[in-house]
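Structural overview for review
As a plain string of letters, each chain reads:
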Amino acid sequence: MAEQEPRRVLLVTHTGREEAVEVARAAHRLLTGAGMLVRLLGGEAEALELDPAEIVDDPEKAANDVELIMVLGGDGSILRGAELARPHGTPVLGVNLGHVGFLAEAEVDDLERIVQVVVDRSYAVEERMTLAVDVLLDGHLIFDTWALNEASVEKAAREKMLEVLVEVDDRPLSRWGCDGVVVATPTGSTAYAFSAGGPIVWPEVEAILMVPLSAHALFSRPIVVAPTSRLSIELVPSWHGRGVLWCDGRRMVEVPPGAEIQVRRGSTPVRLARAHEAPFTDRLVAKFDLPVLGWRGAAERKRNGNNTHNHSENTSSSADGNRQQEN
């Protein structure tokens, strides 16, 4: 009988943080104890000192033949894991060691249970839409990349504004003097776009958001367009301010006056592993610590429907009895 191929998990972590290194060692111990093979990036292996482990030096090949990428860190680390995973369609599961950690599936205190979910293959996988981003100058492509959260065009110099022309589906929308423009996915609606005043969009909604940054214009509200739309942001040639394009805060290129940034839906999604069945509303409440304790809205009444109904009946009967006694 042929020997069965071992199950592999790529472990990605922020080795510059002592807590992350300790959590990585704990995850390695749990995974290898369950008979799984842990793969490490060559740049992280020396700091982690994990044995046994499979080490891969080429990041482009790191996600080959692994069933999952487990990322230990904040959203920045998870976005790095998404870069490794996306070309191979490998699911990414994040364990939060940062602050809000919207992309993470679990907190560090839940590590043992999450590892068991990985071992049991009892997680679900969500596909999150991405953005394809092209930069053109004089009609020629000079840079192309992608984003899971957002593509942001920002001024390169603090003392200068950008002057931009914005189009949607090849039709002019507006002209803004501004600090920049953020184009985001629903996944990124809780990141930079949210900080800039954009709406929170549920992950199941397929749409593209555009949020101006400190625009000097009467019409400068965030807009939400169809996932099939194409957005264009052109730096006005007569305006001498240079711009910078950032994608997910990780990939950057300078954008000269006259350049056009085109953004559309990407053809390749990012796959996120989910171990919880909690709806997005509950995640939102937990991440932002929203005040819902003592809530007496419709959801609470539904949860306590029988008690509320019985209470209403008892109150009604009591009132009827009192009226009969009065009569």
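My aim in this report is to walk through the structure given alongside it, one point at a time. What you see is a predicted model; the values in this text were computed from it and never measured.

**Quick notes on the overall build of the protein**
- Along the backbone of the protein there are 8 helices and 20 strands.
- Once local pairs closer than 6 in sequence are excluded, the contacts in the protein between residues at least 24 apart make up 66%.
- Surface exposure of the protein reaches about 17300 Å², of which carbon and sulfur atoms provide 48%.

**As for the side chain of Arg274**
- Along the polypeptide, Arg274 turns up in strand β20 (residues 270-274).
- One polar contact links Arg274 to Glu105, side chain to side chain, over a distance of 2.6 Å.
- Once you skip the residues sitting within four places of it in the chain, Arg274 turns out to touch Phe102, Leu103, Ala104, Glu105, Tyr123, Ala124, Glu126, Arg128 and Arg283.

**Examining the sheet that holds strand β10 (residues 150-155)**
- Spatial ordering of the open sheet is given by β15-β14-β13-β10-β17-β18, a layout of 6 strands whose pairing is antiparallel. The open sheet has two edge strands, β15 (223-225) and β18 (251-255), and neither has a second partner. Across the sheet, the mean angle separating the axes of adjacent strands is 15° when strand polarity is ignored.
- When β10 meets strand β13 (residues 180-184), the two strands line up antiparallel, connected through 5 bridges. Paired with Glu154 across the strands is Gly180, a residue of β13.

**Remarks on helix α1 (residues 18-33)**
- With 16 residues, α1 extends 23 Å between its outermost C-alpha atoms, agreeing within 8% with the 22 Å of an ideal straight helix rising 1.5 Å per residue.
- Turning to α1, its buried residues are Ala20, Val21, Val23, Ala24, Ala26, Ala27, His28 and Leu31.
- Once α1 ends, the next one or two residues include Gly35, with phi positive near 90°.

**Looking at the pattern of salt bridges**
- If you walk through the whole model with that rule in mind, you get 24 salt bridges.
- A salt bridge links Glu5 to Arg8, with the nearest nitrogen and oxygen atoms 2.8 Å apart.
- Classification of Glu5 as exposed rests on a relative accessible area of 54%.
- Salt-bridge contacts for Arg175 lead to Glu163; the nearest nitrogen and oxygen are separated by 2.9 Å. In this pair, Arg175 sits in strand β12 (residues 171-178) while Glu163 sits in strand β11 (residues 162-168), placing the two residues 12 residues apart along the sequence.
- Assessed through its relative accessible area of 13%, Glu163 is described here as buried.
- Among the charged side chains, a salt-bridge network with shared partners connects Glu105, Glu126, Arg128, Arg274 and Arg283.

**As for the side chain of Thr13**
- Mapped onto the fold, Thr13 is located in strand β1 (residues 8-13).
- Residue Thr13 is classed as buried on the basis of its relative accessible area, which comes to 1%.
- What Thr13 contacts, discounting residues up to four positions off in sequence, is Ala20, Ala24, Glu44, Leu48, Leu72 and Arg80.

**A closer look at the packing of aromatic side chains**
- With the rule as written, the count across this model stands at 4 aromatic pairs.
- Between Phe102 and Phe280 the ring centres are 6.3 Å apart and the planes differ by 40°, which places this aromatic pair in the tilted class. Taken together, the residues Phe102 in the loop between β5 (92-96) and β6 (106-107) and Phe280 in helix α6 (residues 280-288) connect sequence positions 178 residues apart. Phe280 shares its class with Phe102; the two are buried.
- Ring-pair connections join several aromatic residues into one group, and the members of that group are Phe102, Phe194, Trp202, Phe280 and Phe288.
- The cationic tip of Arg86 hangs over the ring face of Trp146; the distance from NZ or CZ to the ring centre is 4.3 Å.

**Some details on the sheet that holds β11**
- Taken in spatial order, the 6 strands line up as β9-β8-β19-β16-β11-β12 in an open sheet, and their pairing is antiparallel. A single partner strand is all that each edge strand has here, and the edge strands are β9 (140-147) and β12. Averaged over neighbouring strand pairs, the angle between their axes works out to 20° when direction is ignored.
- In the sheet, β11 pairs with strand β16 (residues 231-235) via 5 bridges, with the strands oriented antiparallel. Across the sheet, residue Glu167 finds its bridge partner in β16, namely Ser232.

Parameters at a glance
Residues numbered from 1 in each chain as written. Predicted model: local features only at pLDDT ≥ 70, side-chain atom pairs only at ≥ 80, totals over all residues. Heavy atoms only, no water. Helix = DSSP H or I, 4+ residues; strand = E, 2+ residues; numbered from the N terminus. Contact = heavy atoms within 4.5 Å. Areas by Shrake-Rupley, 256 points an atom, 1.4 Å probe, with all protein chains shown as cover. Polar contact = N/O pair within 3.5 Å; in protein donor to acceptor, adjacent residues only side chain to side chain. Pairing = 2+ DSSP bridges. Axes fitted to C-alpha atoms, helices over the stretch in contact; angles between N-to-C directions. Expected span 1.5 Å × (residues − 1). Buried < 20%, exposed > 50% of the residue type's maximum accessible area, 1.4 Å probe, protein only. Salt bridge = Lys/Arg side-chain N within 4 Å of Asp/Glu carboxyl O. Phe/Tyr/Trp six-rings, centres within 6.5 Å; stacked < 30°, edge-to-face > 60°. Lys NZ or Arg CZ within 6 Å of the ring centre and 35° of its normal.

Note that all results are geometric; they support no functional claim without further evidence.
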